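Here is how the chains run, residue by residue.
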Amino acid sequence: MPIDFHQIPSPCYVIDEHLLRKNLDLLKKIEEEAHIQILVSFKAFANWKVFSIFREYGFGASASSLYEARLALEELGQKAHTYCPAYDEKTIEEIFKYSSHVSFNSLAQFQKYGQRAKQEGLQVGLRVNPGYSNSPVDLYNPCRHGSRLGITSEQFSRQGFPHGIDGLHFHTLFEADSYAFEKVLSAFLEKFGQYLEGLRWINMGGGHLVTKEGYDISHLLKLLNEFKKKYPLEVILEPGSAFTYRTGYLISTVLDIVENDGIKTAILDVSFSCHMPDCLEMPYKPAILGASDKIEGKPTYRIGGISCLAGDEMGYWSFDHELSPGERIIFEDMIHYTTVKTTMFNGIQHPSIGIWSEEKGFRLIREFNYEDYKSRLS
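Now for a look at the structure at hand. (Residues numbered from 1 in each chain as written. Predicted model: local features only at pLDDT ≥ 70, side-chain atom pairs only at ≥ 80, totals over all residues. Heavy atoms only, no water.)

A few words on the nonpolar core. Among the nonpolar cores identified, the biggest contains 99 residues, and Phe-54, Leu-168, Met-204 and Phe-331 are the most heavily contacted of them. Per-element tally for this core: the top contributor is helix H7 (residues 178–192), with 6 residues. Setting aside anything within four residues of it in sequence, one finds Phe-54 in contact with Leu-20, Leu-24, Val-40, Phe-45, Phe-59, Leu-76 and Phe-243. (Core = buried A, V, L, I, M, F, W, Y, C linked by side-chain atoms within 4.5 Å. Buried < 20%, exposed > 50% of the residue type's maximum accessible area, 1.4 Å probe, protein only. Helix = DSSP H or I, 4+ residues; strand = E, 2+ residues; numbered from the N terminus. Contact = heavy atoms within 4.5 Å.)

Turning next to the sheet that holds strand E9 (residues 234–237). In space, the 8 strands of this closed barrel follow the order E2-E3-E4-E5-E6-E7-E8-E9, with parallel pairing throughout. Along the sheet, successive strands turn relative to each other by an average axial angle of 25°, direction set aside. Examined bridge by bridge, strand E6 (residues 123–127) and strand E7 (residues 167–169) share 3 bridges and lie parallel to one another. Across the sheet, the residue bridging to Gly-125 is Gly-167, located in E7. Across the face of the sheet, helix H3 (residues 66–76) comes into contact with strand E3 (60–63), strand E4 (80–83) and strand E5 (99–104) while running at roughly 160° to E3. Packed on one face of the sheet, helix H5 (residues 107–119) meets E5 and E6 and runs near 170° to E6. (Pairing = 2+ DSSP bridges. Axes fitted to C-alpha atoms, helices over the stretch in contact; angles between N-to-C directions.)

As a further point, take the packing of aromatic side chains. What describes a pair of aromatic rings is the distance from one ring centre to the other and the angle between the planes of the rings. Scanning the entire structure with this criterion turns up 19 aromatic pairs. Centroid distance Phe-161 to Tyr-195: 4.8 Å. Interplanar angle 10°. Geometry classified as stacked. Separated by 34 residues along the polypeptide, Phe-161 in the loop between helix H6 (153–159) and E7 and Tyr-195 in the loop between H7 and strand E8 (201–203) bring together distant segments of the chain. When its relative accessible area of 24% is taken as the criterion, Phe-161 is described as partly exposed. Plain terms: the ring middles of Phe-227 and Tyr-231 are 5.0 Å apart, the flat faces sit at 35° to each other, and that makes the pair tilted. Among the residues examined, Tyr-231 registers a relative accessible area of 16% and is labelled buried. An aromatic cluster of at least three residues, connected via ring pairs, comprises Phe-42, Phe-45, Phe-51, Phe-54, Tyr-57, Phe-59 and Phe-243. Between the NZ or CZ atom of Lys-285 and the centre of the ring of Trp-317, over which it lies, the distance is 4.8 Å. In this arrangement the basic side chain of Lys-294 is found over the ring face of Tyr-316, its NZ or CZ atom lying 5.0 Å from the centre. (Phe/Tyr/Trp six-rings, centres within 6.5 Å; stacked < 30°, edge-to-face > 60°. Lys NZ or Arg CZ within 6 Å of the ring centre and 35° of its normal.)

If you want it as structure tokens, here you go:
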């Protein structure tokens, strides 16, 4: 049965279990056919009350902080592959406790903590910077000029490749296809291939949008199998967005229609700034169910958020009818990189979170109230 959006509270993020499982099935198939390990990236999705579904597939986890690593063990039942731009004394022992692998961003950090990690039984890696990324904007480009992320081949040339390294980690792609992956893999091998002998694993990072329609899976498998034939290493991928790409919605409601200078703005009970931050950071224009890009002659609106930020708006969408207060606006593909990045700026109510399935209908996972806002601040 189709989702009845009017029976779900607004505002609310809704995960579609059928669509989620479809992605997980594909990722598991890739993992098995390529004989690699695929990790869930908590920086893209960490709604742990649905991890019972992920557990069925046996995926590992990648973490970028102490809290993510702890969540991986407590709720997914997996010690994390952890990478942070820098570690500190206050948290390093706890990070070791919750991790199976730890990767360092600099030679100095490896020299400071690497031996201690080894003594705790962890596998130790270095993040390297191959110098290629397909990112369309610098905000998401880890290979931009002067990047703080990853060790360059020039640094190894000057300081030498250290002993005691189990693996290398590169992460430079952004919602990429297999052909962008081919380019970064080529750049990596050109600069770092000489250091692979004697290693145990290679983490090829995230940004692989393998669940996007049209992604060339056979080309990806070819690249991975060719690499493994030449380099007998364990290969790890962290597809990030691919796990929850196009698996759910953000339900909102029109509160008011404001018109100035001939522009009609529909103000919603959600915020781009608070609840869809990537739309403003990238920026990108999300899809709205039943709406289209601006079409002359059709009722057209700019969509505005509920915060007092002047730029909390985006446009334009055309509809088949005039909008009115109380009407539902359904944003598509609002599960990855949403709830993990939301804020309570302006004290705005955080959308509820729920899951929908054909068998059980809608189930509320979490709703937020004043105490959630208040407890964050003092």
